[in-house]
Amino acid sequence: IGLLAALGGQKAEGDLKGSVDITGNDGKIALKIAANGNGIRRDTLTIAKPAIDVTVSDVQAFAANGTIRADEFGIGTNKLTGIALDFAQQQTRTDFNLNAGYDGNPLQAGGSVQSAGGMIDLSLDHFAAKPRNIPVELASPAQVNVTKGVASLNGLTVKTGSGSCPDATASGKI
């Protein structure tokens, strides 16, 4: 890890062993990652016991199947624990499901990603967590669309405690 980071002018340490296979066929780039290790550290970022088994049949369309696991992912004092992120390719979209712990409580999220014609659509179907024991959840599914570097957020209502943040629609350039 240290040598790879040094190539980018960065510092990191830890171990991650495995393989990355990159292939091209019919104008599509595919990749298969199988790796695990004891941990990775860079500044305040830590990843404990990562395990990756992901196959992406088309990188541009993010057509992915597989799993990413880690005992912990942290930045400073903020930490996710018991991380299980699953990807499942369903025709033209990739479904994802995240289960983890945050602040001593479950954190769950799920949805799908679809990419075509330079456009990325992210559907966030559900999200729930309890940071500092305050319930935070998605009131209804929300959409994020990125087209030509401009992101649009549609239908986001977050319920917090006994209140909610009203529908939000925002756009911004990435």
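Just so we're clear, the structure is a prediction, and the values are computed from it rather than from any experiment.

Asker: An account of the layout of surface pockets is requested, with residue identities and associated values reported.
Answerer: Approximately 280 Å³ is the volume attributed to the largest pocket. Secondary-structure elements contributing two or more residues to the lining of the largest pocket are strand E5 (63-75) and strand E6 (78-90). Broken down by class, the residue content of the lining of the largest pocket amounts to 12 nonpolar, no polar and one charged.

Asker: So what's going on with the packing of aromatic side chains? Residues and values would help.
Answerer: Tallied over the full model, the rule gives one aromatic pair. With centroids separated by 5.6 Å and ring planes inclined at 80°, the aromatic side chains of phenylalanine 62 and phenylalanine 87 adopt a geometry described as edge-to-face. Linking phenylalanine 62 in the loop between strand E4 (51-58) and E5 with phenylalanine 87 in strand E6, this pair joins segments that are 25 residues apart in sequence.

Asker: Hey, could you go over the pattern of salt bridges for me, with residue numbers and the actual values?
Answerer: As enumerated under the stated definition, the model contains five salt bridges in all. Measuring nitrogen to oxygen at the nearest pair gives 3.0 Å for the salt bridge that ties arginine 41 to glutamate 13. Here arginine 41 is found in strand E2 (residues 28-42), whereas its partner glutamate 13 is found in strand E1 (residues 13-25), with 28 residues between them in sequence. Of the charged contacts in the structure, one is a salt bridge between arginine 69 and aspartate 86, with a shortest N-O distance of 2.9 Å. Taken as a pair, arginine 69 in strand E5 and aspartate 86 in strand E6 lie far apart in primary sequence, 17 residues in all. Looking at aspartate 86, the relative accessible area reads 25%, which means it is partly exposed.

Asker: Please give an account of the environment of glycine 18 that cites residues and values.
Answerer: Here glycine 18 is to be found in strand E1. Given a relative accessible area of 64%, glycine 18 falls into the exposed group. The spacing of glycine 18 and alanine 51 is 33 residues in sequence and 9.6 Å in space, taken between C-alpha atoms. Every residue in contact with glycine 18, bar those within four places of it in the chain, is listed here: Ala34 and Ala35.

Asker: Describe the nonpolar core, with residues and values.
Answerer: One finds Ile40, Ile47, Ala70, Ile83, Leu98, Ala100, Leu107, Ala109 and Ala129 forming the largest nonpolar core, which totals nine residues. Every element with two or more residues in this core is listed here: strand E7 (93-102) and strand E8 (105-116). When neighbours within four sequence positions are excluded, isoleucine 47 is seen to be in contact with Asn38, Gly39, Ile40, Ala70, Glu72 and Phe73. Counting six residues, the second largest nonpolar core, distinct from the first, contains Val56, Ala64, Phe96 and Val113.

Thresholds, definitions, all that
Residues numbered from 1 in each chain as written. Predicted model: local features only at pLDDT ≥ 70, side-chain atom pairs only at ≥ 80, totals over all residues. Heavy atoms only, no water. 1 Å grid on protein atoms, 1.4 Å probe; cavity = no way out; pocket = protein on both sides within 12 Å on 5 of 7 lines; lining within 4 Å. Points joined across faces, edges and corners; volume = space filled by probe spheres on them. Helix = DSSP H or I, 4+ residues; strand = E, 2+ residues; numbered from the N terminus. Nonpolar A, V, L, I, M, F, W, Y, C, P; charged D, E, K, R; others polar. Phe/Tyr/Trp six-rings, centres within 6.5 Å; stacked < 30°, edge-to-face > 60°. Salt bridge = Lys/Arg side-chain N within 4 Å of Asp/Glu carboxyl O. Buried < 20%, exposed > 50% of the residue type's maximum accessible area, 1.4 Å probe, protein only. Contact = heavy atoms within 4.5 Å. Core = buried A, V, L, I, M, F, W, Y, C linked by side-chain atoms within 4.5 Å.

These figures come from the coordinates and say nothing about function on their own.
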